[in-house]
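# Fold and geometry: a report
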Amino acid sequence: MSDRPIVIHSAMSIEIKFLIEKLDNLTEMQLGNYIFYEGYIYKYPIVICVSGVGTVNTAGSIMHVIEKYNPLCVINIGIVGSCDRNIHQNDLIIGNRCLNINSYKTFYRSKGEGSDYKNWEYITFKEGVDELLYWDADKVLLRIANDMVERYSYGSCFKGVIGSGDCWNDEVDRVIFLNEKYKVSCMDMECISIYMLCNVFKVPCISFKVVSDNIILRESYDREVSKNIWNYIDSYVDKVIKSKDLLKNS
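Quick caveat, the model's predicted, so the values are computed rather than measured.

### Thoughts on the pattern of salt bridges
Oppositely charged side chains are able to pair whenever their charged atoms sit close together. What the rule picks out here adds up to five salt bridges. Among the salt bridges present, the one from lysine 22 reaches aspartate 234, with a minimum N-O distance of 3.5 Å. Of this pair, lysine 22 sits in helix H1 (residues 17-22) while aspartate 234 sits in helix H6 (residues 230-242), and the two are 212 residues apart along the sequence. Exposure remark for lysine 22: the relative accessible area of 33% places this residue in the partly exposed category. Between lysine 242 and aspartate 238 there is a salt bridge, and its shortest N-O distance comes to 3.3 Å. In this pair, lysine 242 and aspartate 238 both sit in helix H6, four residues apart, roughly one turn of the helix. Lysine 242 sits in the exposed class, given a relative accessible area of 65%.

### As for the side chain of arginine 174
As for its position among the elements, arginine 174 is in helix H4 (residues 172-182). This buried residue, arginine 174, is left without a salt bridge; glutamate 171 holds the nearest opposite charge, at 5.3 Å. Polar contacts involving the side chain of arginine 174 include one to the side chain of asparagine 169, which spans 2.6 Å. Those residues within four positions of arginine 174 in sequence are excluded, and the remaining contacts are Ile101, Tyr117, Trp120, Tyr122 and Asn169.

### Quick word on H4
Here H4 has its buried residues at Arg174, Val175, Ile176, Phe177, Leu178, Asn179 and Tyr182. Of the residues trailing H4, lysine 183 is marked for its positive phi of about 60°.

### A word on the packing of helix H3 (residues 139-146) against H6
At a closest axis distance of 10 Å, the pairing of H3 and H6 adopts a crossing angle of 130°. Here H3 is positioned oblique relative to H6, judged by the angle of their axes. H6 is crossed by H3, and the crossing has right-handed handedness. Between H3 and H6, the contacting residues are Leu141, Ile144 and Ala145 on the first element and Tyr232, Tyr236, Lys239 and Val240 on the second.

### Let's talk about a nonpolar patch on the surface
The grouping of Met196, Val200 and Phe201 at the surface amounts to a nonpolar patch, some 270 Å² of accessible area in total. Looking at the secondary structure, you find phenylalanine 201 in the loop between helix H5 (191-200) and strand S12 (205-214).

### What about the nonpolar core?
Counting residues in hydrophobic clusters, the biggest one holds 70 residues, and the most contacted among them are Ile6, Ile206, Phe208, Tyr232 and Tyr236. Of the residues forming this core, the biggest block, seven residues, is contributed by H6. In this view, isoleucine 206 contacts Val74, Ile75, Asn76, Ile94, Gly95, Ala137, Leu141, Leu142, Ala145, Tyr195 and Tyr236; residues no more than four positions away in its chain are not counted. Judged by nonpolar contacts, the second largest core, of 17 residues, contains Tyr117, Val161, Ile176 and Phe177.

### Considerations on H5
Across the ten residues of H5, seven count as buried, placing the element largely inside the fold. Among the residues of H5, Cys191, Ile192, Ser193, Ile194, Tyr195, Leu197 and Cys198 are the ones counted as buried. Phi turns positive, to about 60°, at lysine 202, one or two residues after H5.

Basis of the calculations
Residues numbered from 1 in each chain as written. Predicted model: local features only at pLDDT ≥ 70, side-chain atom pairs only at ≥ 80, totals over all residues. Heavy atoms only, no water. Salt bridge = Lys/Arg side-chain N within 4 Å of Asp/Glu carboxyl O. Helix = DSSP H or I, 4+ residues; strand = E, 2+ residues; numbered from the N terminus. Buried < 20%, exposed > 50% of the residue type's maximum accessible area, 1.4 Å probe, protein only. Lys, Arg positive; Asp, Glu negative; His and termini not counted. Polar contact = N/O pair within 3.5 Å; in protein donor to acceptor, adjacent residues only side chain to side chain. Contact = heavy atoms within 4.5 Å. Axes fitted to C-alpha atoms, helices over the stretch in contact; angles between N-to-C directions. Parallel < 35°, antiparallel > 145°, perpendicular 65-115°, else oblique. Left-handed = near helix turned anticlockwise from the far one by under 90°. Patch = residues over 30% accessible without salt bridge, like charges linked within 9 Å, V, L, I, M, F, W, Y side chains within 5 Å. Areas by Shrake-Rupley, 256 points an atom, 1.4 Å probe, with all protein chains shown as cover. Core = buried A, V, L, I, M, F, W, Y, C linked by side-chain atoms within 4.5 Å.

Following this line, the structure appears as structure tokens:
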């Protein structure tokens, strides 16, 4: 590939199979549990990465694509659970920021005192000074997304914080707590690895998530909603290709 490819990541093949079917000159390779599809869309090199679910799987696959492909950018797509009463099943969330919801400190409670998540301190552990840290999406990629919100026709479109970690939260009070205190709009199990590694290695990244369920409103889980994003992402990739020179300098 002569140009730096666009990498499109998803945890599950069901979320991204439409793009795999669009690839011209498709080649497939597997590294451990990770599957990579190389090809072209709109005559531009694309690498599709299917990592499997979870932060560790995602981190391993993203490190591989950063080292092997030196990507122009990384785009994550998939489904999420909503943490906001105003964000419903089928709505689209553009992840302008990401928070690690598995990175927290609990304070001492003696035997028999139980646990109280409302007193947990959500921080990013660092050598020296720990701090609450949000990881950001790329500004150019966000601007392209902002210009395309009308292309999504299956629900409303929101910008928000993706809370990410290896946990499936079914406690409504805790979901509301994360939304009210940390402005978390939705939760997934992959984005923190992408946003953290791409920020560290200065690779532009962004995430697009379709809401599969809202436990607060008792909207039940449906992973088939992932297909609602397909036409939007097709148009978005085209816009990114046309803006590649801006991304090189972002």
